[in-house]
Amino acid sequence: MSFKKQDILKALETITAPGEGKTLVESNSITNIVAFGEEVIVDVTISNPSLQAKKKVEVEIMKAIHQKVGQKIDVKVNIKVEKPETPEKLPQIKGKQIPNIKNIIAIASGKGGVGKSTITANMAITLAKMGFNVGILDADVYGPSQHLMFDVEKARPLSVEVDGRSKMKPIESYGVKLLSLGFFTNPDQAVIWRGPMASKALNQLIFDADWGELDFLLIDLPPGTGDIHLSIVQALPISGAVVVSTPQKIALADAKKGVAMFQQESINVPVLGIIENMAYFTPVELPNNKYYIFGKDGAKHLSEDINTTFLGEIPLAQSIRESGDVGHPVALQNGTILEKAFNEITKGALSQLLIRNENLPPTEIVRITTMSGCSAVKNKK
């Protein structure tokens, strides 16, 4: 069998570097190719340290060479992991627009259990009902839930070829495109990952996916202000953030930290507003009564204190929980009080996004180069 190094290189042109959105050839990841007789040695350098990424690259290289050059070739792949070099004095770099995605909105909360994922799912449904093309990236890598809320728990994303590259095709439900680690993990098994591994997995969901044309990509962030949040603002030009809180003081204190994180000088993501979830309870038999179980107007007062828009309130309703549990978000209903509530907060967020897009330049991707990027944030006065 006769073949040249150029034949091997051409066979590797369609293999995507894990989490980078470029092929191994485009990213100069193929550092050396040695071909003699029926043996080929390929040296490749990647930035993803996970075992899954290394194995994926090795298998795809062997498969491409066997299919496109020769089945009897003895292929050996040497994989080296190197962190990409970053400039020392650039806390931010100008963010490029993600192809075919017009607006990226992060849905965040400082505290867990305030209904952030429920808000995300119902806002996405509301946007889809308005006629927009919508996607959700479930970035809560340790506790993904969007695949459950959209009744696609057992679905698995397919691999599709886009411009010669292998991409994940998001699952579509109720007119919304979804990607979540919940599609790839055992529901009975805990995800035990350190921060860097979780961030790398998230990058693969972002850059190795075929989202198609989207008007809005909503990112369902985990609670708190940790590795995943920094990874998102480093990877994507976030158009704006929406913060979700319940009315009680302990939740508002954490929500204030969430807002401050986005407003930090080295991050600088516009906060579109605050949503108050579980604002009050109204029994079915007493539709005119409102019981403020967790306090009254807490998020509204917080929005005034930190000069952020109050987008509205969502009541504490049994049907919201029931609809989420069965994978049929309550915003799919027509003519109900809850549908109206989600319409109002979604329109409020859109109004603030329009103002933001008219008055501010595209959000910059953040490059954290020192530990100061991970320090306690400073509240703006």
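Up top you'll find the structure we're talking about.
In what follows, the accompanying structure is described.

Conventions adopted
Residues numbered from 1 in each chain as written. Predicted model: local features only at pLDDT ≥ 70, side-chain atom pairs only at ≥ 80, totals over all residues. Heavy atoms only, no water. Buried < 20%, exposed > 50% of the residue type's maximum accessible area, 1.4 Å probe, protein only. Helix = DSSP H or I, 4+ residues; strand = E, 2+ residues; numbered from the N terminus. Arc of directions from axis to C-beta. Contact = heavy atoms within 4.5 Å. Core = buried A, V, L, I, M, F, W, Y, C linked by side-chain atoms within 4.5 Å. Axes fitted to C-alpha atoms, helices over the stretch in contact; angles between N-to-C directions. Left-handed = near helix turned anticlockwise from the far one by under 90°. Nonpolar A, V, L, I, M, F, W, Y, C, P; charged D, E, K, R; others polar. Parallel < 35°, antiparallel > 145°, perpendicular 65-115°, else oblique. Expected span 1.5 Å × (residues − 1).

**Re helix H9 (residues 318–325)**
(1) Moving on: Residues of H9 that are buried: Ile320, Ser323 and Gly324. One side of H9 carries all its buried residues, which in axial view fall inside an arc of 100°. Across from the buried face of H9, at angles greater than 90 degrees, the exposed residues are Gln318 and Asp325.
(2) Moving on: Considering only its buried residues, H9 is in contact with helix H3 (116–129), helix H4 (146–149), strand E14 (310–316) and helix H10 (337–359).
(3) Moving on: Count one or two residues on from H9 and you reach Gly327, which has phi positive near 75°.

**Quick word on the nonpolar core**
(1) Moving on: With 41 residues, the main nonpolar core has Leu137, Trp211, Ile219, Leu221, Ile232, Ile238 and Phe262 as its most contacted residues.
(2) Moving on: Those elements giving two or more residues to this core turn out to be strand E5 (101–108), helix H5 (195–207), strand E11 (214–220), helix H6 (227–235), strand E12 (240–245), helix H7 (249–263), strand E13 (271–281) and helix H8 (298–305).
(3) Moving on: Phe183, Leu311, Ala341 and Ala349 belong to the second largest nonpolar core, which has 38 residues in total.

**Some words on the environment of Met278**
(1) Moving on: Note that Met278 resides in strand E13.
(2) Moving on: Residues within four places of Met278 in sequence aside, it is in contact with Gly113, Val114, Gly115, Thr246, Pro247, Phe294, Ile314, Pro315 and Leu316.

**Examining the packing of H7 against H8**
(1) Moving on: For the pair H7 and H8, the least separation of the axes is 10 Å and the interaxial angle reads 35°. When you trace H7 past H8, the crossing you get is right-handed. Only Gly298, Ala299 and Leu302 of H8 make contact with H7, whose side of the interface consists of Leu252, Ala255 and Lys256.
(2) Moving on: Considering only residue class, the contact of H7 with H8 consists of four nonpolar, one polar and one charged.

**Some words on the packing of H3 against H10**
(1) Moving on: Interhelical geometry of H3 versus H10 gives an angle of 80° and a closest axis separation of 9 Å. The angle between the axes of H3 and H10 places the two elements in the roughly perpendicular class. Between H3 and H10, the contacting residues are Ile119, Asn122, Met123, Thr126, Leu127 and Lys129 on the first element and Glu339, Phe342, Asn343, Ile345, Thr346, Ala349 and Leu350 on the second.
(2) Moving on: Class assignment of the residues belonging to the contact of H3 with H10 gives a composition of seven nonpolar, four polar and two charged.

**With respect to H7**
(1) Moving on: With 15 residues, H7 should cover 21 Å at 1.5 Å per step; its first-to-last C-alpha distance of 21 Å lies within 8% of that length.
(2) Moving on: Among the residues of H7, Ala251, Leu252, Asp254, Ala255, Gly258, Val259, Ala260, Met261, Phe262 and Gln263 are the ones counted as buried.

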